[in-house]
Amino acid sequence: MARYRLAAGPAVAVVDPDCGGRIASLTLDGAELLVTEGDEPLDWGCFPMAPWAGRVRRGRFRFDGREHQLTVDLPPHAIHGTTYTRPW
């Protein structure tokens with residue numbers, strides 16, 4: 001899938017839908033503001049953290065009297081949702 005370039009004046013953002021809809025590059029006056037590559041999804045770009053941001057301890061939580069188990073993607077915790085590694 002293609003990357004999408006969005007520009008406004010001196011600012012340019014490149015969005016990569018194949019990599020979780022992340023901003024793969026963000027430049028201002030030609031200066032890159034993000035780390036644009038890395039070995040792991042958490043290492044680069046700026047990505048949406050959905051459906052939650054941050055860490056869920058051991059990937060477990062209780063809601064309305066029921067315990068829920070999330071996929072543990074950064075052992076021993078679940079971190080930054082489920083969308084940052086999936087194509088959009």
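Cut-offs used in this document
- Every chain is numbered independently, its residues counted from 1 as its sequence is written.
- In keeping with the predicted nature of the model, local features appear solely for residues at pLDDT of at least 70, side-chain atom pairs appear and are counted solely at 80 or more, and the whole-chain, interface and lining totals rest on all residues.
- Just so you know, side-chain values use all the structure's heavy atoms and leave hydrogens and water out.
- Think of it this way: DSSP has to see at least two bridges between two strands before they count as a pair.
- A run of H or I in DSSP becomes a helix once it reaches four residues, and a run of E becomes a strand once it reaches two; helices and strands are each numbered from the N terminus.
- Whether a residue is buried, partly exposed or exposed follows from its accessible area with a 1.4 Å probe, protein chains only, as a fraction of its type maximum: under 20%, in between, or over 50%, in that order.
- We call two residues in contact whenever any of their non-hydrogen atoms come within 4.5 Å of each other.
- The patches reported here contain residues having more than 30% relative accessible area and no salt bridge. Joining distances are 9 Å for like charges and 5 Å for nonpolar side chains (Val, Leu, Ile, Met, Phe, Trp, Tyr).
- Residue burial considers only the protein chains on display, and all accessible areas are found by Shrake-Rupley using a 1.4 Å probe.
- The salt bridge definition used is simple: a Lys or Arg side-chain nitrogen within 4 Å of an Asp or Glu carboxyl oxygen.
- Under the counting rule used here, the positive set is Lys and Arg, the negative set is Asp and Glu, and His together with the chain ends is not counted.
- All charge positions are set by atom: Lys at NZ, Arg at CZ, Asp at CG, Glu at CD.

**Some details on the pairing of strand β6 (residues 60–63)**
Right, on to step 1. The pairing of β6 with strand β7 (residues 66–69) spans four bridges and is classified as antiparallel. Within β7, the position partnered with F63 by the bridge is R66.
Right, on to step 2. What sits between β6 and β7 in their antiparallel hairpin is a turn of two residues, with D64 showing a positive phi close to 55°.

**Notes on the sheet that holds strand β1 (residues 4–8)**
Right, on to step 1. Across the sheet, which stays open at both edges, the four strands sit in the order β1-β2-β3-β4 with antiparallel pairing between neighbours. With one partner strand each, in any of the chains shown, β1 and β4 (31–32) form the two edges of the open sheet.

**Brief notes about the environment of V35**
Right, on to step 1. Looking at the element boundaries, V35 is found in the loop between β4 and β5 (55–56).
Right, on to step 2. In this structure V35 comes out as exposed when scored by relative accessible area, which is 51%.
Right, on to step 3. Taking the C-alpha atoms as reference points, V35 and S25, separated by 10 residues in sequence, lie 7.7 Å from one another.
Right, on to step 4. With near-sequence residues (within four places) excluded, V35 lies in contact with D43, W44 and G45.

**Some points on a negative patch on the surface**
Right, on to step 1. Together, E37, D39, E40 and D43 give the surface a local cluster of negative charge.
Right, on to step 2. The class of E40 is partly exposed, set by a relative accessible area of 48%.

**Quick look at the pattern of salt bridges**
Right, on to step 1. Applying the stated rule across the entire model yields three salt bridges.
Right, on to step 2. Put simply, R60 and E67 hold a salt bridge, and the shortest N to O gap is 3.9 Å.
Right, on to step 3. Residue R60 is classed as partly exposed on the basis of its relative accessible area, which comes to 39%.
Right, on to step 4. Where E67 meets R62, a salt bridge forms, and the shortest distance between an N and an O atom there is 3.7 Å.

**Quick notes on the environment of L28**
Right, on to step 1. Turning to its location among the elements, L28 is positioned in strand β3 (residues 22–28).
Right, on to step 2. Along the backbone, L28 and A7 are 21 residues apart, and their C-alpha atoms lie at a distance of 9.8 Å.
Right, on to step 3. Discounting chain neighbours no more than four positions away, the residues touching L28 are P10, A11 and L33.

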